[in-house]
Amino acid sequence: MAFAQRTATCGELRLSDVGREVTLNGWAHKVRDLGGVLFVDLRDRNGLIQLVLDPTVHQDLDTIRTESCLSVTGIVQARDDSVKNPRLPTGEIEIIVQSWQLLGPSKPLPFQLSDEEHMQQVNEELRVKHRYLDLRRPSMYQRLSVRASVIRRMRAFLDAERFVEIETPVLTRSTPGGARDYLVPHRLEPGLWYALPQSPQQYKQLLMVAGVERYYQIAKCFRDESSRADRQPEFTQLDIEMSFITQEDILSLIEAMTLSVMNGVIDEFSLDKEQATSFPRMTYDYAMQYYGCDKPDIRFGLPLFDISSLVTNSGFGVFKNAVEGGGAVKGVRYPGGSQLSRSEVGKLEEFCKGLGVKGLASVAVVAPGTENSIDLGDGRAAKANIARFFAIDELKAIFDQAGAEIGDLLCMVADVRDTCDAVLYRLRLEIGDRLGLRDPRKLAFLWVTDFPLVEWNADAGQWSSMHHPFTMPHEEDLPLMETDPKAIRAQAYDMVCNGYEVAGGSIRINDASIQARMFALLGINEETQQTQFGHLLEAFSYGAPPHGGIAPGIDRLIMLLTDTENIREVIAFPKLAGGGDPMMGAPSSVDSQQWAEMGLRRA
């Protein structure tokens, strides 16, 4: 089809272009027939501009429907002051159309693209099924543009730091541990399988043995696990590995790269974000003690407090019994919470019960003289049914430990420590949301370091890696591998932002004997070590350098930049929660000939 090609884009024209003849190509974003005149908002990827078509001049205007693809030629004209649109960069002008051509008609849409508020109500499966339409929305296109800019800036930064971009195989072998692999049958030898990589971990370590020294890759990774709001079965990460470095070298490099990339994109797109500035650090133990999780949101305070040692002799049996049973009593402060009604406090308790505890104990911090309160003699008073079970000195100690101020509500749970942490982590975020403390304009990065090397898997009855089995323990903890595994600290680190883990990495094991000890700790016998990892163990016997790396998750970084809580919104063609793609109809059945070629039989 011959058509008039654009001489300008829809978003670039301004008052200075008045009188200019232009040709535009794009889609009819909105069509408004106002009797004597047809107004069309034409959209391309650069923006919107209003077209004016006179029915006395043009025929067949009824064929122009929303989302029709058009080519138009016309004259740029200034709008009257009364009809200017200050919400659009092109809102001071319009195009008086001289000629137009319908390049691609559109049938009625499954959902209205021009109404962003309406799109919030559209069924997600319908949107993904018609993703080629959904992506036409300016908000969706901007997310793709932000994504492209992030990747471009990452490459530029690492290229300047003398990294080499190398592609590693997508067809590899299955290895034990971690999430389930996606498997691909080997046609030439039925019964043998490839696996799609959960990460390029072993390949990038072998590249360090090969002397590459500085590697990176924009890597597609695959994990056969249930999708969540921040996870997809296939995802993209920036994979990095370096030789002859320490943990400090990696953290410093990634801090610099992240600040350069994120702040550069904020400026480029004029995003409503504050510039990221610093990366505080905390150990895993500190994060668990004061935030109840290893990915704390530090945009606001309200650290957890632990009163276990203060209630061992209290008259409140729930607290005392929890501590005597090896558990803990921890809590979080709710500023202004003393004003909550009894029913509102009851809703908080139901929230906590839904997360696994039997109840929530609360004490309001009020001014002395408040009805039904206990005066502590220090300018504060306690108001709660449980307060009578504590001596005044005990209440003062609890208030001091919590940093309690008049107006606060102290929310406390008693259970095994892991349960206390898991519930209070969520309750702290709930309080932060209620008080508007989780400012979406802030990007609060931090490093969490010194993770445990292993954790006990009660279902399997053995130790499993906290990160992965190639992580180097702290050198001083190596003697504990056979005697006290739970006390071993890993040279592992996570980059966290606004409560999301956005990157994880570690210094790697580069000694075959230490790697073998690690495998043994994880219950992998020598025969399996050789079968599954013999190539890696042998490589380590040929002068393997000290090395380490990290893998920032690109999808999650884009989520943070674009204020999106669902990872599917920043991926061009995502999978739904069950792993399906309704647009392509995947996964799908295959015909009998393909089954036979693979040497497979139907179950």
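In this text, all values refer to a predicted model and were calculated from it rather than measured experimentally. (Residues numbered from 1 in each chain as written. Predicted model: local features only at pLDDT ≥ 70, side-chain atom pairs only at ≥ 80, totals over all residues. Heavy atoms only, no water.)

**Some thoughts on the nonpolar core**
(1) Moving on: Grouped together as the largest cluster of nonpolar side chains are 102 residues, with contacts concentrated most on Leu 158, Ile 240, Ile 254, Leu 427, Leu 443, Phe 445 and Leu 561.
(2) Moving on: Among the elements that line this core, the one with the most residues is helix α6 (residues 247-269), at 10 residues.
(3) Moving on: Leave out the neighbours within four places in its chain, and Leu 427 touches Val 332, Leu 348, Phe 351, Cys 352, Leu 360 and Cys 411.
(4) Moving on: Membership of the second largest hydrophobic core comes to 22 residues, among which are Val 365, Ile 386, Ala 402 and Met 412. (Core = buried A, V, L, I, M, F, W, Y, C linked by side-chain atoms within 4.5 Å. Buried < 20%, exposed > 50% of the residue type's maximum accessible area, 1.4 Å probe, protein only. Helix = DSSP H or I, 4+ residues; strand = E, 2+ residues; numbered from the N terminus. Contact = heavy atoms within 4.5 Å.)

**Re the packing of helix α9 (residues 342-353) against helix α11 (residues 417-434)**
(1) Moving on: It is at 10 Å that the axes of α9 and α11 come closest, and there the two elements cross at 140°. Viewed along their axes, α9 and α11 adopt a mutual orientation that is oblique. As for the relative orientation of α9 and α11, their crossing is right-handed in sense. Residues Leu 348, Phe 351 and Cys 352 of α9 touch α11, and the partners they reach there are Val 423, Arg 426, Leu 427, Glu 430 and Arg 434. (Axes fitted to C-alpha atoms, helices over the stretch in contact; angles between N-to-C directions. Parallel < 35°, antiparallel > 145°, perpendicular 65-115°, else oblique. Left-handed = near helix turned anticlockwise from the far one by under 90°.)

**Notes on the pairing of strand β10 (residues 234-243)**
(1) Moving on: Most of β10 is tucked away: 9 of the 10 residues are buried.
(2) Moving on: When strand β9 (residues 214-222) meets β10, the two strands line up antiparallel, connected through 9 bridges. When the sheet's bridge partners are listed, Tyr 216 is paired in β10 with Ile 240. (Pairing = 2+ DSSP bridges.)

**Regarding helix α4 (residues 138-160)**
(1) Moving on: Relative to the 33 Å expected for 23 residues at 1.5 Å per residue, α4 spans 33 Å between its end C-alpha atoms, a close match to the ideal helical length.
(2) Moving on: Turning to α4, its buried residues number three or more, namely Ser 139, Met 140, Arg 143, Ser 145, Val 146, Arg 147, Ser 149, Val 150, Ile 151, Met 154, Phe 157 and Leu 158.
(3) Moving on: Positive phi shows up at Arg 162, right after α4, with a value of about 70°. (Expected span 1.5 Å × (residues − 1).)

**Quick look at the packing of helix α5 (residues 201-209) against helix α13 (residues 526-539)**
(1) Moving on: α13 packs onto α5 with a crossing angle of 20° between their chain directions and a minimal axis gap of 10 Å. The orientation of α5 relative to α13 falls into the category roughly parallel. The two elements α5 and α13 meet at a crossing, and its hand is left-handed. Between α5 and α13, the residues in contact are Gln 202, Gln 205, Leu 206 and Val 209 and Phe 533, His 535, Leu 536 and Ala 539, respectively.
(2) Moving on: Classifying every residue of the contact of α5 with α13 by side-chain character gives 5 nonpolar, 3 polar and no charged. (Nonpolar A, V, L, I, M, F, W, Y, C, P; charged D, E, K, R; others polar.)

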